[in-house]
Amino acid sequence: MFEAGSSFMGGGAVKSTEAFDDVPDDFELPPGSVKKGEKYFKKYCSQCHSIYPDNRITGAGQTQLGPTLFNIYGRASGLEEIQQKNCEDRVNGVLWLDAPLMNYMKNPRVLAQGRIQMNFRGIPDFQTRVDIVHYLKTLDWNNEELSHPPEKPNSLPPVRWLAKMRGEE
């Protein structure tokens, strides 16, 4: 069968150490583009992850399954709320810095030892992951636009209509 610590990647079993051969232990994040990282984030991550402190979802087609990725850089894994509160399949014991973020985006099941519930195969392209990490580093309290978003509108249509009629919106 398969050895302990192995996972499927590209159709075959891959040992954990082989899955992350492009990110050494002494990894330093190379230069990247925040602008491209934002574009890739929208493509790969924003369907399930918010960029706001209150985990709000702002785009059509988004679900609130994953934790917010606001202030992810330097945070310990498993601390933020997720939608499925009864789920015990969460990544634990990881400090989200450059190398763990790069490895998780490449093959989340290997890093999490299979304990994830998201339908995400990973991003094999090295530079795409570098750009996303550079973007994730901007999602912090120094980013005024994200750290102090406008108040969320009420989700009940009659309440929004009444507020509009009163001129409160």
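Quick caveat, the model's predicted, so the values are computed rather than measured. (Residues numbered from 1 in each chain as written. Predicted model: local features only at pLDDT ≥ 70, side-chain atom pairs only at ≥ 80, totals over all residues. Heavy atoms only, no water.)

Got a minute to help me understand the pattern of salt bridges in this structure?
Two side chains carrying opposite charge are able to pair once their charged atoms lie near each other. On inspection of all chains with the given rule, the structure shows two salt bridges. A salt bridge links K42 to E38; the nearest nitrogen and oxygen atoms lie 3.9 Å apart. Within this pair, K42 and its partner E38 are both found in helix α2 (residues 34-44), separated by four residues, close to a single helical turn. For K137, the salt bridge goes to D98, with nearest N and O atoms at 3.4 Å. In this pair, K137 is assigned in the loop between α5 (126-136) and α6 (144-147) and D98 in helix α3 (residues 98-106), connecting sequence segments 39 residues apart. (Salt bridge = Lys/Arg side-chain N within 4 Å of Asp/Glu carboxyl O. Helix = DSSP H or I, 4+ residues; strand = E, 2+ residues; numbered from the N terminus.)

Help me understand the nonpolar core in this model?
In a soluble, globular protein the nonpolar side chains are often hidden away together inside. The biggest cluster of nonpolar side chains holds 32 residues, and the ones touching the most others in it are F41, I51, W96, M102 and L136. Listed by contribution, the elements that provide at least two residues to this core are α2, α3, α4 (108-111) and α5. Among all residues touching I51, those that are not within four sequence positions of it are F41, T68, F70, Y135, L139 and L146. (Core = buried A, V, L, I, M, F, W, Y, C linked by side-chain atoms within 4.5 Å. Buried < 20%, exposed > 50% of the residue type's maximum accessible area, 1.4 Å probe, protein only. Contact = heavy atoms within 4.5 Å.)

I keep staring at the environment of K39 and nothing clicks. Help me out?
Among the structural elements, K39 can be located in helix α2. Assessed through its relative accessible area of 53%, K39 is described here as exposed. Between the C-alpha atom of K39 and that of T128, which follows or precedes it by 89 residues, the distance is 9.8 Å.

What is the right way to read the packing of aromatic side chains from this model?
Each aromatic ring pair is specified by the distance between its two centres and by the angle formed by the two planes. Enumeration over the complete set of coordinates arrives at four aromatic pairs. Note on F27 and F126: the rings are 6.2 Å apart at their centroids and 85 degrees apart in plane angle, and the pair reads as edge-to-face. With F27 in the loop between α1 (16-19) and α2 and F126 in helix α5, this pair connects stretches of sequence that are 99 residues apart. Owing to a relative accessible area of 14%, F27 belongs among the buried residues under this scheme. Exposure remark for F126: the relative accessible area of 27% places this residue in the partly exposed category. (Phe/Tyr/Trp six-rings, centres within 6.5 Å; stacked < 30°, edge-to-face > 60°.)

Just distances and angles here, no functional claims.
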